[in-house]
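Understanding the architecture of this molecule
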Amino acid sequence: MRARRHHHDTLARKQALAGMTDAPLAIMTVFGTRPEAVKMAPVIQALRARPGEFRPITVVTAQHREMLDQVLRLFHIMPDHDLNVMQPEQSLAEITVRALEGLDRVLREVRPALVLVQGDASSTFVGALAAFYHSLPIGHIEAGLRTSNKYHPFPEEMNRRMTTSLADLHFAPTAWARDNLLREAIPRDAIYVTGNTVIDALRQVAAAGPFPPEAGLPDLDGRFLLVETHRRENWGDPQRQICLALRDLLDRFADLRLIFSVHRNPVVRRVVYGVMEGHPRALLMEPPDYGPFVQLMTRATLILTDSGGIQEEAPALGTPVLVLRQTTERPEGVAAGTVRLVGTDRERIVVEVSHLLTDQDAYRRMATAVNPYGDGQASRRIVEAIRYFFGRSSTRPEEFGT
Ligand code: UD1
């Protein structure tokens, strides 16, 4: 078994090395949603920093339009190809088909040495599939996250599993993610434990300092809950239960405010505005830019979310997170004690939040800054792994966490 796995890896690498010259390698990054953009940006910057070795080509599916553009502006990224696939209330099949056709057109024109995808969105899986159809090597950033439940999160769990089966280089953020991949018989040589690039992005943005009043941030004094939800498995009743719990909490704590970053998805907006609009201490805001959002996360008393990225960012900022889902593919924050899974039951949410707002010791235990997801060096390790893969360096990068 071991010998065969090794053979598989050397084959992928041999093919990549065949016909290599000293010319800069064209590395294509493909992404389409806000979180992919945040996590891909530091990798693009690290590739750009070696112009003699790499020629980065950026392709955005623009599965998200406005939310993606914000991040592109922040990190000074001008896409080389923009497929502009977003449509109002798009179905999963529509995103998939439109992005696949668009990528196929681009790949017929440009033949990169490697295609990089990130995470678990539809753009991730479709990017890998399009590259596979063109027999190109594929690198998957943030590989190996798993819940073991096909429908939670939906469709992300399957997006990442399908991307794993297509990829040649697997950039696992943590040792836990690496072990998941090993259990699925991914060759050890093809896995690099890098840390999550979200910490690279977070550090860069935090270093830019506090945001000026023009950033449109509300008053951040006093206690407030910061909320962000968008998961498909929470559409409809679970989302409604969450909003009702938030109303209960505002009624119970007279000093408490709510800042809700309402995702642009109209399915989410209808429910959130329906239940919450008009409450004097509930601020429903358009998704802020990433920089100001980091500031909101830093200043929040508690964060309630079904987002994956926020579960990685908040522990580094020392803000406790209650996850509005049944499962998480990111158990490291739970193990570290800064993240707790609470689900979407109205009563349970009220109980959990009330406890943290009244018991100072319990709150303090959760509000300790820990950093299980990265050390700010993930993009450097990814670029070093790419250099190694293409024979431009003789050593593998050191693993994150060792
Ligand atoms: C997508 C990803 C999810 C990721 C999330 C982060 C998939 C299947 N889902 O979910 O993994 O966690 O992004 O936000 O890939 N819209 C806009 N403007 C925008 C963005 C969205 O108007 O800038 C609206 C559009 O009407 C779109 C809808 O939101 O149809 C939903 O977007 P979609 O990409 O289908 O799924 P998300 O729920 O955002």
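Here the structure is a predicted model, which means the values were calculated and not measured. (Residues numbered from 1 in each chain as written. Predicted model: local features only at pLDDT ≥ 70, side-chain atom pairs only at ≥ 80, totals over all residues. Heavy atoms only, no water.)

This next bit is on the nonpolar core. Core analysis: the largest hydrophobic core is formed by 57 residues, its most contacted members being Ile 27, Leu 116, Phe 171, Leu 226, Leu 296 and Ile 386. Each of domain 1 (2–196 + 375–389) and domain 2 (218–367) contributes no fewer than three residues to this core. When sequence neighbours within four positions are dropped, the list of residues in contact with Phe 171 reads Leu 116, Gly 139, His 140, Ile 141, Glu 142, Ala 143, Tyr 192, Thr 194, Ile 382, Ala 385 and Ile 386. Core analysis: the second largest hydrophobic core is formed by 32 residues, Leu 225, Val 272, Ala 282 and Leu 357 among them. (Core = buried A, V, L, I, M, F, W, Y, C linked by side-chain atoms within 4.5 Å. Buried < 20%, exposed > 50% of the residue type's maximum accessible area, 1.4 Å probe, protein only. Domains from an automatic or database assignment. Contact = heavy atoms within 4.5 Å.)

Pairing of strand β9 (residues 257–261) with strand β10 (residues 282–285) involves four bridges; the strand directions are parallel. From the neighbouring strand, Ile 259 faces β10, where its bridge partner is Leu 283. As for the winding sense of the linkage, the β-α-β connection from β9 through helix α10 (residues 266–276) to β10 is right-handed. (Pairing = 2+ DSSP bridges. Helix = DSSP H or I, 4+ residues; strand = E, 2+ residues; numbered from the N terminus. Right-handed = clockwise from strand over helix to strand, strands pointing away.)

What follows covers the site of the ligand. Taken together, 24 residues are adjacent to the ligand, and Gln 63, His 64, Glu 66, Ser 122 and Glu 156 come closest. Take His 64: an N or O atom from its side chain is 2.6 Å from an oxygen atom of the ligand. Between an oxygen atom of the ligand and a side-chain N or O atom of His 263, the distance comes to 3.0 Å. Bound to the protein, the ligand loses 95% of the 750 Å² it would expose on its own. Elements with a contribution of two residues or more to the shell around the ligand: α3 (66–74) and α4 (92–109). Each residue belonging to the shell around the ligand can be placed in one class, and the counts come to nine nonpolar, nine polar and six charged. Summarising the domain contributions, the shell around the ligand has at least three residues from each of domain 1 (2–196 + 375–389) and domain 2 (218–367). (Near = heavy atom within 4 Å. Polar contact = N/O pair within 3.5 Å; in protein donor to acceptor, adjacent residues only side chain to side chain. Areas by Shrake-Rupley, 256 points an atom, 1.4 Å probe, with all protein chains shown as cover. Nonpolar A, V, L, I, M, F, W, Y, C, P; charged D, E, K, R; others polar.)

Each domain of the chain was delimited in the assignment, giving domain 1 (2–196 + 375–389) and domain 2 (218–367). Centre-to-centre, using C-alpha coordinates, domain 1 lies 29 Å away from domain 2. Each side of the interface is counted separately: domain 1 has 26 residues, and domain 2 has 24 residues. Here domain 1 meets domain 2 over a buried area of about 2000 Å², counting both sides, of which 54% is carbon and sulfur. Scanning the region where domain 1 abuts domain 2 turns up six salt bridges. Across the pair Arg 330 and Glu 142 runs a salt bridge whose closest N-O atoms are separated by 3.3 Å. Inspection of the region where domain 1 meets domain 2 yields ten residue pairs in polar contact (both at pLDDT 80 or more). Elements that contribute at least two residues to the side of domain 1 that touches domain 2 include exactly α2 (34–48), α3 and α6 (156–166). (Buried area = accessible area lost by both parts, 1.4 Å probe. Salt bridge = Lys/Arg side-chain N within 4 Å of Asp/Glu carboxyl O.)

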